[in-house]
Amino acid sequence: MALLTGAAAAIKGELMGFGGAAAHLFVREGAKVVLTDIRDDLGERSAAALRADGHDARYMRLDVTSEKNWVQVVDAVMAAHGRFDILFNNAGISFPMKVEDMTVEIWDRELAVHAKGVFLGTKTAIPAMRKGGGGSIVNTSSVMGLVGSPTSPAYSAAKGAIAIFTKSAALQYAKENIRIDSVHPGYADTPLTSQRFNDPTVRQVLLDRTPMGRLGTAKDIANGVLFLASDESSWVTGSELVIDGGMTAQ
Ligand SMILES: NC(=O)c1ccc[n+]([C@@H]2O[C@H](COP(=O)([O-])OP(=O)(O)OC[C@H]3O[C@@H](n4cnc5c(N)ncnc54)[C@H](O)[C@@H]3O)[C@@H](O)[C@H]2O)c1
């Protein structure tokens, strides 16, 4: 059983996010998936479409900043499935702005959804994974969690927090066969970025920063997530998987 956060956009033929694309790869491997998000209509439609294709999928509302909501959802998953193998901590937001323009509210929101969300998911999932003898947690950081962001310092700070939290948690649970890794996407077309990245001037700047000369797709990222979630990566923990068309190699 795999639970994915920020995974409402998972409808074939529509623009998917990393969560949605990962859900499609997970079900292809035979996993049961629980899509979660705060966009309930889209999440319900995505889960229904997966079921219509013969997969075991359901949608549950999960605001990753709420510990109470995490406990409810993990309890419900354990009641329904009896095990918890994979957690993809992927929900995210983005408010590009200069430091001087940033309000404390926006700073707190970036840290809450990304850093606190990943912490709460990890904290809640671990006892459930332990019951099944182990599991894999994949946390969506960003290239902006590795290098500075010219547009979004709070986002970068929050994604950096995810990267180093991931390594620390990986050390604590390695002996229990609970692996915890981070994935670091570069610029990719998803529902989160479509409006900004479709501006031709912005797009050209991003292309210029990306040596491979194209932006990423949700599937480019999901392929890496699948590897980290699967037994193929059974000796990998605390690692940072960069999928960025070469952006951070320069
Ligand atoms: N697209 C990119 O270029 C890019 C690059 C690096 C990292 N990322 C990260 O990838 C992750 C997935 O984003 P995406 O680009 O696939 O876009 P996406 O819009 O498909 O996914 C983000 C989802 O998070 C959900 N969300 C926001 N706040 C939430 C909350 N409090 N609780 C639960 N869900 C919440 C949104 O409703 C949305 O569905 C995010 O963490 C994002 O920061 C994206």
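See the structure printed just above.
Throughout what follows, the structure given in this document is the object of discussion. All values reported here derive from a predicted model rather than from experimental measurement. (Residues numbered from 1 in each chain as written. Predicted model: local features only at pLDDT ≥ 70, side-chain atom pairs only at ≥ 80, totals over all residues. Heavy atoms only, no water.)

## Side note on the environment of D199
So, point 1. Structurally, D199 is set in the loop between α6 (194-197) and α7 (200-209).
So, point 2. On the basis of relative accessible area, D199 is assigned to the partly exposed category, the value being 34%. (Helix = DSSP H or I, 4+ residues; strand = E, 2+ residues; numbered from the N terminus. Buried < 20%, exposed > 50% of the residue type's maximum accessible area, 1.4 Å probe, protein only.)

## Remarks on the site of the ligand
So, point 1. Around the ligand there are 30 residues in total, and F18, D37, Y155, K159 and T190 lie nearest to it.
So, point 2. Between the ligand and G186 there is a distance of 3.4 Å, counted from an oxygen atom to a backbone nitrogen or oxygen.
So, point 3. Bound to the protein, the ligand loses 95% of the 820 Å² it would expose on its own.
So, point 4. Secondary structure elements with two or more residues in the shell around the ligand: α4 (104-131) and α5 (153-173).
So, point 5. With three residues, α4 is the single largest residue contributor to the shell around the ligand.
So, point 6. Of the residues in the shell around the ligand, the class split is 14 nonpolar, eleven polar and five charged. (Near = heavy atom within 4 Å. Polar contact = N/O pair within 3.5 Å; in protein donor to acceptor, adjacent residues only side chain to side chain. Areas by Shrake-Rupley, 256 points an atom, 1.4 Å probe, with all protein chains shown as cover. Nonpolar A, V, L, I, M, F, W, Y, C, P; charged D, E, K, R; others polar.)

## Description of the sheet that holds strand β3 (residues 57-61)
So, point 1. Taking strand neighbours across the sheet as the criterion, the seven strands line up as β3-β2-β1-β4-β5-β6-β7 in an open arrangement whose pairing is parallel. Edge positions in the sheet fall to β3 and β7 (240-243), since each has one partner strand and no second. Averaged over all pairs of adjacent strands, the angle between their axes in this sheet comes to 20 degrees, without regard to strand direction.
So, point 2. Bridge count for strand β6 (residues 178-185) against β7 is four bridges, and the pairing is parallel. Counterpart to H184 in the pairing with β7 is V242. (Pairing = 2+ DSSP bridges. Axes fitted to C-alpha atoms, helices over the stretch in contact; angles between N-to-C directions.)

## A few points about the packing of helix α1 (residues 18-28) against helix α8 (residues 218-229)
So, point 1. Following both chains from N to C, one finds α1 and α8 inclined at 50 degrees, their axes separated by 8 Å at the closest point. For the element pair α1 / α8, the angle class is oblique. For the pair α1 and α8, the sense of crossing is right-handed. Contacts between α1 and α8 pair F18, A21, A22, L25, F26 and R28 from the former with A218, K219, I221, A222, N223, V225, L226 and A229 from the latter.
So, point 2. Residues that form the contact of α1 with α8 fall into these classes: eleven nonpolar, one polar and two charged. (Parallel < 35°, antiparallel > 145°, perpendicular 65-115°, else oblique. Left-handed = near helix turned anticlockwise from the far one by under 90°. Contact = heavy atoms within 4.5 Å.)

## Quick notes on the pairing of strand β5 (residues 135-140)
So, point 1. Across the six residues of β5, six count as buried, placing the element largely inside the fold.
So, point 2. Side chains of β5 alternate between two faces, with G135, I137 and N139 and S136, V138 and T140 buried alike.
So, point 3. Where strand β4 (residues 86-89) and β5 come together, four bridges link them in parallel fashion. Of the residues in β5, the one forming a bridge with I86 is S136.
So, point 4. With respect to chirality, the unit in which β4 leads through α4 into the neighbouring parallel β5 is right-handed.
So, point 5. With six bridges joining them, β5 and β6 adopt parallel strand pairing. Note on β6: the bridge partner recorded for N139 is S182.
So, point 6. In this view, the connection linking β5 to its parallel neighbour β6 by way of α5 has right-handed handedness. (Right-handed = clockwise from strand over helix to strand, strands pointing away.)

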